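# An overview of the molecular structure
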Amino acid sequence: MTFIVFYLGLGVVGGLLGGMLGVGGGIVVVPALIWIFKHEGVQPDVLTHLAIGTSLAGIIFTSLSAIIAQQKRGAIDWTVVRMLVPATLIGGLVSGYLAGFIPAQTLKMIFSVFLIMVSLQLLAKWQPAAHWTLPGPKGLWGVGLGIGSLSAMMGIGGGTISVPFLHACNVEMKRAIAISSTLGFPIALFGAAGFVLSGWHHPGLPAWTLGYIDLPALLAVGVTSVIVAPMGVRLAHHLPVAKLKRAFGILLLVVALQMLFGG
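Presented here is a report on the structure given in the accompanying data block. Per chain, residue numbering runs from 1 following the sequence as it is written. Two thresholds apply to this predicted model, a pLDDT of at least 70 for residue-level local features and 80 or more for giving and counting side-chain atom pairs, whereas whole-chain, interface and lining totals are computed over all residues. To obtain the side-chain values, all non-hydrogen atoms of the structure were used and water was disregarded.

### A closer look at the overall build of the protein chain
Put simply, DSSP marks the helices as runs of H or I at least four residues long and the strands as runs of E at least two long, and each gets a number from the N terminus on. Each helix and strand in the protein chain was counted, giving ten helices and two strands. Listing the helices and strands of the protein chain from first to last along the sequence gives α-α-α-α-α-α-α-α-β-β-α-α. The C-alpha radius of gyration of the protein chain comes to 17 Å, within 12% of the 18 Å expected for a compact globule of 263 residues. Dimensions of the protein chain along its principal axes, counting C-alpha atoms only, are 55 × 35 × 35 Å. Here the protein chain, with 263 residues, has 56% of them falling under the buried criterion. Contacts are assigned to residue pairs with any non-hydrogen atoms lying within 4.5 Å of each other. Of all intrachain contacts in the protein chain linking residues separated by at least 6 positions in sequence, the fraction that spans at least 24 positions is 82%. Within these notes, the globule rule equals 2.2 Å times the number of residues to the 0.38 power, and the radius of gyration is based on C-alpha atoms. Summary of the burial criterion: residues with accessible area below 20% of their type's maximum are buried, those above 50% are exposed, and those between are partly exposed, where the area comes from a 1.4 Å probe applied to protein chains only.

### What about helix 1 (residues 2–21)?
Helix length check: helix 1 (20 residues) gives 29 Å between terminal C-alpha atoms against 28 Å at 1.5 Å per residue, within 8%. Along helix 1, the positions that sit buried rather than exposed are Y7, L10, G11, G14, G15, L17, G18, G19, M20 and L21. Two residues or fewer after helix 1 comes G22, characterised by a positive phi angle close to 70 degrees. To estimate how far a helix should extend, the number of its residues minus one is multiplied by 1.5 Å.

### Details of a nonpolar patch on the surface
Together, I90, V94, Y97, L98, F101, W141, L145 and L197 make up a nonpolar patch on the protein surface, roughly 760 Å² of accessible area in all. Counting only elements with at least two residues in the nonpolar patch, the list comes to helix 4 (78–98) and helix 6 (137–154). Top element by residues in the nonpolar patch is helix 4. It accounts for four residues. For L197, the position within the fold is in helix 8 (residues 173–198). Residues form patches when they are more than 30% accessible in relative terms and have no salt bridge. Like charges link within 9 Å. Nonpolar side chains (Val, Leu, Ile, Met, Phe, Trp, Tyr) link within 5 Å. Every accessible area reported is derived by Shrake-Rupley at a probe size of 1.4 Å, with residue values counting cover from the shown protein chains alone. For this document, the term salt bridge refers to a Lys or Arg side-chain nitrogen within 4 Å of an Asp or Glu carboxyl oxygen.

### A short note on the pattern of salt bridges
Under the counting rule described, the total for this entry stands at one salt bridge. Note that R175 is salt-bridged to D77, the shortest N-O span being 2.3 Å. Placement of the pair is R175 in helix 8 and D77 in the loop between helix 3 (44–72) and helix 4, with a sequence separation of 98 residues. Residue R175 is classed as partly exposed on the basis of its relative accessible area, which comes to 30%. With relative accessibility at 18%, the residue D77 sits in the buried group.

Structure, rendered in structure tokens:
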């Protein structure tokens, strides 16, 4: 019961961040699940994979809730979404499957270093050149493959990659967050499917799992995140852009450092 309470609280935090910053909540959910599963006695060799797979499955519900809230505000640029989605689907499915075979410590290190790089860029108040714009269809296909692959591998909804990329292309921050929230759904859906396949019947997994997805954790996190995500969307549309970027950068840095040095 104690862990169920943790899961419910984690869903609140993940849903709020997913709606407000377009990140799906995975940057907080993954390290938190690693900590909870460790204290539940989950074997170390499946610990990180189970946390990432469960996080991706939860983002399916968080992103759906955020998409509905963003669409009501007319904030989603569906032209950009349609060009990015096919490639993110392919990248997410392939990477989600292959990540199941990467050593857990390596996966954790990749995740942490990537977050530090993104956070420093945001906190440095870097501004893109005025002439930088979104690439054409072929360029967006390449970007979509990268977003889908990295996001599924690290159990995130894609916002930690797509929001900085869109910002670098001079897409307004709130519009970038809305696009990122929308991309989170296909990334999470296909990435989670990959983790189900790669973890299918793994002998080291605990009870009540579907591949690398912990079903009790998914239920608790998913329910609360769906309820809270629209509140995050409302916050995103009321906070100044500079504060959104700063909050995004600080959050990424804290989580990355905790994962690297927190044990």
